Amino acid sequence: LHELLPLMKGFIIALIILFSFDCTAQKNALVFQTDFGLKDGAVAAMKGVAYSVDPDLRMFDLTHEIPAYNIWEAAYRLDQAAAYWPAGSVFVSVVDPGVGSARRSIVMKSKSGHYFVTPDNGTLTLVAESLGIAEVRVIDERKNRLANSDSSYTFHGRDVYAYTGARLAAAVINFDDVGQISQDAVIRLPFQRAGVSDKTAHGTVDIIDVQYGNIWTNIDRETFRKLNLRAGDKVLVRIYDEKKLKYDGEMIFGKTFADVPEGQPVAYLNSLLKFSIAINMGSFAAVHNIESGPGWTITVSKK
Amino acid sequence: LHELLPLMKGFIIALIILFSFDCTAQKNALVFQTDFGLKDGAVAAMKGVAYSVDPDLRMFDLTHEIPAYNIWEAAYRLDQAAAYWPAGSVFVSVVDPGVGSARRSIVMKSKSGHYFVTPDNGTLTLVAESLGIAEVRVIDERKNRLANSDSSYTFHGRDVYAYTGARLAAAVINFDDVGQISQDAVIRLPFQRAGVSDKTAHGTVDIIDVQYGNIWTNIDRETFRKLNLRAGDKVLVRIYDEKKLKYDGEMIFGKTFADVPEGQPVAYLNSLLKFSIAINMGSFAAVHNIESGPGWTITVSKK
Amino acid sequence: LHELLPLMKGFIIALIILFSFDCTAQKNALVFQTDFGLKDGAVAAMKGVAYSVDPDLRMFDLTHEIPAYNIWEAAYRLDQAAAYWPAGSVFVSVVDPGVGSARRSIVMKSKSGHYFVTPDNGTLTLVAESLGIAEVRVIDERKNRLANSDSSYTFHGRDVYAYTGARLAAAVINFDDVGQISQDAVIRLPFQRAGVSDKTAHGTVDIIDVQYGNIWTNIDRETFRKLNLRAGDKVLVRIYDEKKLKYDGEMIFGKTFADVPEGQPVAYLNSLLKFSIAINMGSFAAVHNIESGPGWTITVSKK
């Protein structure tokens, strides 16, 4: 016992030192999305700001190839990827045509525990629905702005969003420190929600699966099931640009592209379990001149 | 001695604690390659899955700009980069036109100790030769698949490959846990190997060095040496698309581009020590309409 | 006291062990820039080399989309981003049309404490001015070259620059170990500096803000202030390609794009606080066929 006392004290002190060094402490991921493209130094400036906040931060890119000013696509890409990241992950999305104007800078915490740092311009339209809004705070730029950046009016992505997102992910600040709770609702872009009427499903052509030219809609599996279709059944599809019919055709509903011969169209549920259309080894969008966004709608029924 | 005993015990216990905290433990690199492009959220979904497996994983990108469905180029890019990474590195390559079909999902361990997680569709054609096959296992999707992803048939890159690759790199599973040893040979694309006959070297135009338009072949240094050429000698080069002659010309064999005036063609050994052709400060591929892949072959002889 | 002595010794020994393990030691960021593009495996080969030097290195990309051989743009992107990274950060820039020729390979330490690893071909033109030169060393390739890479003459980015940059960032070598202090001045591209004469500011069109088509010049805030302009004033702008007038027009000087209606031109100070021109929600460069680089100059005066 006489020997054991100092040994136990040493043990406890060693533990305290270890925890204060905290080398395994969990930082949250910081994920960037912009419309800056990759030819520019702007993304690297943002990451430099974040690295300066905490060199141990783990940074990732969602995409920097959002078409310039395309808020809808920014909203879509966030929704496509965010749910695959753990709670606590911080997304900084900068598609910001109104930079320097009166538009608000906000951080939304979703019910799923993800954080979204962004101008309040519609970018949160889809994650607000899919992940739910827990709380929204307006960024207080008096506290949450890169030092000595006050003279810059056109790059809040670097001066406000990257800086605030990095401090949040690194736990330099808590969510409360972002600023006051927002009194106003987050701005949402209007679009046609998925639904079924008269045995016909309808919805929006959310996006073109760019690399392959597949058509991705917002008609989810639960909505689609109401059509009582099984793999191998034929479906009738119509696609409209505003009210103008752009495609009218039929195809097999399969599980994957390989369910039809090469060059043939196929309907399927995509990797987000939403109704989609492809041409096996081809581009449906290119062949039929289909684009995407809130103006593009679709109807689907059993043949 | 009476004092030394507790001191040494404390020393040993401190060491044990340190190693159990394991803050310097080596994770293996996880390197992604796809044909998804960077405009999409798909790569970020894969990385989110991997990050959820282990937030300390080090992730890198080989390229996501493989032309859609181009398995040959996927095979080439793996071969170009893999050897520069240390043993234990895990490569996840997803160029997968047959997703959802009967094609197998495999992990190959090379003799060099690298791991390749991929659909078995020819992607391993070149690394199987250059690095050698140590063992191939078929991914058992009952154990190695993202939870609750069974309804998704079109994104094995996220649900199976990223998930399995991340668990392997993070040592959550061992190679044995991937699944059974493959009873079948890995699929390989046919192509003309490098060789010499009648004082003429022959081989395949593996790839265009895209940014500069240089022609890269699979004629390696050892094969090329049999022509007994020295820097400054002239070579005769013929390039064929299938059997059709597309280029017939002569040029100097140099060490680097600067060995000829701007605008002039030069033959050289590229950074992988393979026979190549460039135009100094120009694009040989654009000027002479040369493409690449198993259908494009080349012959080289001394002038 | 008899008990306390071994305990304190254990405490000190534990501390020594902890610091020698050094698990929270600060590695410096390693930031890559090239003209290789992202379709290639070359960037991944460079990162593999760096990862092999030290798997804990934090690696980032400035851009790999510098137009092939465009040294001016490489110089610009470094200048745009470097100052946002902390002192100690190591930038590896490889735009290297003279690879394999007699051009020197150097590492510049700036007065700001940043390191730049690059061929000495003009890439340092702008950071040499903005950050200042502390010391330049010529890379001694006998010591600082990837093992067994001597037969490769065309990829110093991988064999020399990535390897040396990684060892510097990981503190495997000190700056002194790079090689001898350079006896010659760093190569700088000629360009028109910003200035004011006859109440007219002049300078260079440094770059097109590619994604949006904005015109960015090197006329900094201090120079611009000499025109005594306030937000809302009108400015006269002329842009020249060499001596040829390419644009002659007037516009409002605003704080941000939203200060003018959509489709209208606006002058402003950009995120680097330099005089710039945009069309709100449009592309000034595309509408007026403006390009950038040392040959493109601009004059600005109050209307």
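Definitions and limits used
- Residues numbered from 1 in each chain as written.
- Chains lettered and ligands numbered in written order.
- Predicted model: local features only at pLDDT ≥ 70, side-chain atom pairs only at ≥ 80, totals over all residues.
- Heavy atoms only, no water.
- Buried < 20%, exposed > 50% of the residue type's maximum accessible area, 1.4 Å probe, protein only.
- Helix = DSSP H or I, 4+ residues; strand = E, 2+ residues; numbered from the N terminus.
- Pairing = 2+ DSSP bridges.
- Axes fitted to C-alpha atoms, helices over the stretch in contact; angles between N-to-C directions.
- Contact = heavy atoms within 4.5 Å.
- Buried area = accessible area lost by both parts, 1.4 Å probe.
- Salt bridge = Lys/Arg side-chain N within 4 Å of Asp/Glu carboxyl O.
- Phe/Tyr/Trp six-rings, centres within 6.5 Å; stacked < 30°, edge-to-face > 60°.
- Lys NZ or Arg CZ within 6 Å of the ring centre and 35° of its normal.
- pLDDT = per-residue confidence, 0-100.
- Polar contact = N/O pair within 3.5 Å; in protein donor to acceptor, adjacent residues only side chain to side chain.

Draft legend 1. Quick look at helix α3 (residues 71–81) of chain C. Counting buried positions along α3 of chain C yields 11 of 11 residues, so the element is predominantly enclosed. Of all the positions in α3 of chain C, only I71, W72, E73, A74, A75, Y76, R77, L78, D79, Q80 and A81 of chain C are classed as buried.

Draft legend 2. Representation of unusual backbone geometry in the model. All names here are of chain C. If you check the backbone angles, K199 has positive phi at about 55 degrees while not being a glycine. Position of K199 among the secondary structure elements: in the loop between β7 (195–197) and β8 (200–209). Residue classification places K199 among the exposed residues on the basis of a relative accessible area of 72%. One non-glycine residue, M281, lies in positive phi territory at about 60 degrees. Structurally, M281 is set in the loop between β13 (274–279) and α7 (284–288).

Draft legend 3. Structural detail: the sheet that holds strand β3 (residues 90–94) of chain B. Residues and elements named next belong to chain B. Strand order in the open sheet formed by six strands is β2-β1-β3-β5-β4-β6, with mixed pairing between adjacent strands. In the strand order of this sheet, the two ends are held by β2 (59–63) and β6 (133–138), each with one partner. Each adjacent strand pair in this sheet contributes to an overall mean axis angle of 20 degrees, direction not counted. With five bridges joining them, strand β1 (residues 30–34) and β3 adopt parallel strand pairing. Each residue of the ladder has a partner; that of V31, found in β3, is F91. Lying on the sheet, helix α2 (residues 42–53) is in contact with β1, β2 and β3; it crosses β1 at an angle near 155 degrees.

Draft legend 4. The arrangement of the interface of chain A and chain C in detail. Contact with chain A, which involves 45 residues of that partner, is made by 44 residues of chain C. Here chain A meets chain C over a buried area of about 3900 Å², counting both sides, of which 64% is carbon and sulfur. Seen at the junction of chain A and chain C, the total is one salt bridge. The shortest N-O distance in the salt bridge between D40 of chain A and R77 of chain C comes to 2.7 Å.

Draft legend 5. Expanded view of the packing of aromatic side chains. A complete count under the given rule lists 37 aromatic pairs over all chains for this structure. Judged by centre distance (4.9 Å) and plane angle (50 degrees), the rings of F224 of chain B and F253 of chain B are tilted. Of the two residues, F224 of chain B is situated in helix α6 (residues 221–225) and F253 of chain B in strand β11 (residues 244–253); the sequence distance between them amounts to 29 residues. The residues F224 of chain B and F253 of chain B share a single accessibility class, namely buried. Centre to centre, the rings of F257 of chain B and Y268 of chain B are 4.9 Å apart; their planes meet at 75 degrees, and the pair counts as edge-to-face. Taken together, the residues span a long stretch of sequence, with F257 of chain B in the loop between β11 and β12 (265–269) and Y268 of chain B in strand β12 at a distance of 11 residues. Every member of this aromatic cluster is reached through a ring pair, and the members are Y51 of chain A together with F60, W85, F91 and F116 of chain C. Looking at R137 of chain C, its charged tip hangs above the ring of F175 of chain C, at a distance of 5.4 Å from the centre.

Draft legend 6. Quick peek at the pairing of strand β11 (residues 244–253) of chain C. All names here are of chain C. In this sheet, β11 lies alongside strand β10 (residues 234–241) in antiparallel orientation, the contact comprising eight bridges. Bridged to D241 within β11 is K244. Where β10 hands over to β11, the hairpin turn is made up of two residues, of which E242 adopts a positive phi near 50 degrees. The pairing of β11 with strand β12 (residues 265–269) spans two bridges and is parallel.

Draft legend 7. Representation of the sheet that holds strand β1 (residues 30–34) of chain C. Residue and element names in this part refer to chain C. Spatial strand order, β2-β1-β3-β5-β4-β6: six strands in an open sheet with mixed pairing. Both outer strands of the open sheet, β2 (59–63) and β6 (133–138), are each paired with one neighbouring strand and no more. Strand-to-strand twist across the sheet, computed as the mean angle between neighbouring axes with direction ignored, equals 20 degrees. Bridge count between strand β3 (residues 90–94) and strand β5 (residues 115–119): three bridges; the pairing is parallel. Counterpart to V90 in the pairing with β5 is Y115. Packing of helix α2 (residues 42–53) onto the sheet brings it into contact with β1, β2 and β3, and relative to β1 it is tilted by some 155 degrees.

Draft legend 8. Representation of the confidence of the model for chain A in the model. When pLDDT is averaged along chain A, the result is 92, and 93% of the positions lie at 70 or above. The ipTM, which scores confidence in the relative placement of chains, is 0.89 for this predicted complex, and the corresponding pTM is 0.91.

Draft legend 9. Spotlight on the side chain of D96 of chain A. Residues and elements named next belong to chain A. Along the chain, D96 falls in the loop between β3 (90–94) and β4 (105–110). Looking at D96, the relative accessible area reads 10%, which means it is buried. A polar contact is formed between the side chain of D96 and the side chain of R103, at a distance of 2.7 Å.

Draft legend 10. Highlighting the environment of A74 of chain B. All names here are of chain B. Turning to its location among the elements, A74 is positioned in helix α3 (residues 71–81). C-alpha of A74 to C-alpha of V94: the two residues are 20 residues apart in sequence and 8.4 Å apart in space. Among residues more than four places away in sequence, those in contact with A74 are Q33, I66, S93, V95 and T123.

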